[in-house]
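# Structural description and commentary
These are the residues of each chain, in order.
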Amino acid sequence: MSSDTAPIRPDERFDEERVADHLRRNLPDLLGDSSIVFEQFPGGKANLTYLARAGDVELVLRRPPLGEVAPRSHDMAREYRVLSVLHSVFPQAPEALHFCGDPEVMGKPFFVMERRRGEVIREEWPPSVDGTEAGRRTVAGNLVDTLADLHLVDHVVLGLGDLGRPEGFTTRQVEGWTERWIRAQHHEVPAMDALGERLLSRVPAPQRAVLLHNDFKLDNTMIGSGGDVVAVFDWDMATLGDPLVDLGTALSYWGGTGSKTRMVTSDATAPGVVMPAEEAARRYAVRTGLDLGELDWYRALGSFRIAVILQQIHIRWVRGQTRDERFAVLGDLVGPLAEGALESLD
């Protein structure tokens, strides 16, 4: 078993022989008639990710979570489409190898992609990655540069010019996340309602349309021992739109002025300030040439999105669609996130 995998959780199992037969039929050059063993990557909180091992060949399978999911979310077909071409010009994108749209095979649609090696940093800084302030600062700078480089990709050349509708994208973001909030909430949170209204009342005009990751943060990346970004994961919400939506989301995870950089110092024993969010934003602006005069609005939208995502995960636990106890407390974070975003707008 790999150090980053675990036995599959009982409620997240699937018909392994059926999936193995499907993989052998559709990836014969990689798998032939080999026996396939499945394990699970246990760290994610939404889509389910598994390892398929056949001898020396290792592949990664991604599928949506258990139970009902929000419309247009957890879109494996979209993720496959992006990753099947983006890897050719953006080396941090793993190559997608196969998509299965038949839910009878694995329970829901899924796709297969190449395996990358590195560390996904969550609650604790891994010993294999330099944890000094200088090492963490390297990671911070590489994260910013990776996001900027993604926004400089020519998506039209890749055949992704119709992936989304850039016109009105940011307004639809506010409206769409408000609708998701309404569907997922199970009690009143006045700050969330107020935040949605404030955001919709003043939507900035976009400066350009780019390929967006749409949920860019540290634990959606894989970091190499030298602090480089070796992979970016979770492309199921990728689309075309305002690049500052991506930056605002990233900086909402990042932290505020003078705080520890949450994106790169997630454990309680981290060194002091690594790279303040304001410095990260300036670095991004230099690399992309974008104006950041409205950045507070985009950061507030990022906090709104994060709050809704947490509630969507939490409500699956409330409804008994998952027994993963990590999700039980996520609902408690929604109100404070919204309140903080409202203060930033003020």
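Residues numbered from 1 in each chain as written. Predicted model: local features only at pLDDT ≥ 70, side-chain atom pairs only at ≥ 80, totals over all residues. Heavy atoms only, no water.

Where helix H7 (residues 190-201) contacts helix H10 (residues 295-318), the axes come no closer than 11 Å and their chain directions differ by 140°. Between H7 and H10, the crossing angle belongs to the class labelled oblique. The crossing of H7 and H10 is left-handed. Only Trp297, Ala300, Leu301, Phe304, Ala307 and Val308 of H10 make contact with H7, whose side of the interface consists of Met192, Leu195, Gly196 and Leu199. Its residues assigned to classes, the contact of H7 with H10 shows 9 nonpolar, 1 polar and no charged. (Axes fitted to C-alpha atoms, helices over the stretch in contact; angles between N-to-C directions. Helix = DSSP H or I, 4+ residues; strand = E, 2+ residues; numbered from the N terminus. Parallel < 35°, antiparallel > 145°, perpendicular 65-115°, else oblique. Left-handed = near helix turned anticlockwise from the far one by under 90°. Contact = heavy atoms within 4.5 Å. Nonpolar A, V, L, I, M, F, W, Y, C, P; charged D, E, K, R; others polar.)

Let's shift gears to the pattern of salt bridges. The full count for this structure, using the stated rule, is 24 salt bridges. Measuring nitrogen to oxygen at the nearest pair gives 3.7 Å for the salt bridge that ties Arg62 to Asp236. Taken together, the residues Arg62 in strand E3 (residues 57-63) and Asp236 in the loop between strand E8 (229-232) and strand E9 (239-241) connect sequence positions 174 residues apart. Since its relative accessible area comes to 7%, Asp236 is described here as buried. Residue Arg116 pairs with Glu114 through a salt bridge whose shortest N-O separation is 3.2 Å. Connected through shared salt-bridge partners, Asp4, Glu39, Arg53, Glu58, Arg115 and Arg117 make up one network. (Salt bridge = Lys/Arg side-chain N within 4 Å of Asp/Glu carboxyl O. Buried < 20%, exposed > 50% of the residue type's maximum accessible area, 1.4 Å probe, protein only.)

Counting through the fold element by element, Leu31 comes out in helix H2 (residues 28-31). When sequence neighbours within four positions are dropped, the list of residues in contact with Leu31 reads Leu23, Arg24, Ile36, Ala54, Val57 and Leu59.

At Asn214, a position not held by glycine, the phi torsion is positive, near 85°. Turning to its location among the elements, Asn214 is positioned in the loop between strand E6 (210-212) and strand E7 (221-223). Of the residues examined, Asn214 reaches a relative accessible area of 5% and is grouped as buried. Even without glycine at this site, Asp234 takes up a positive phi of about 60°. Mapped onto the elements, Asp234 comes out in the loop between E8 and E9. Given the relative accessible area of 22%, Asp234 is considered partly exposed.

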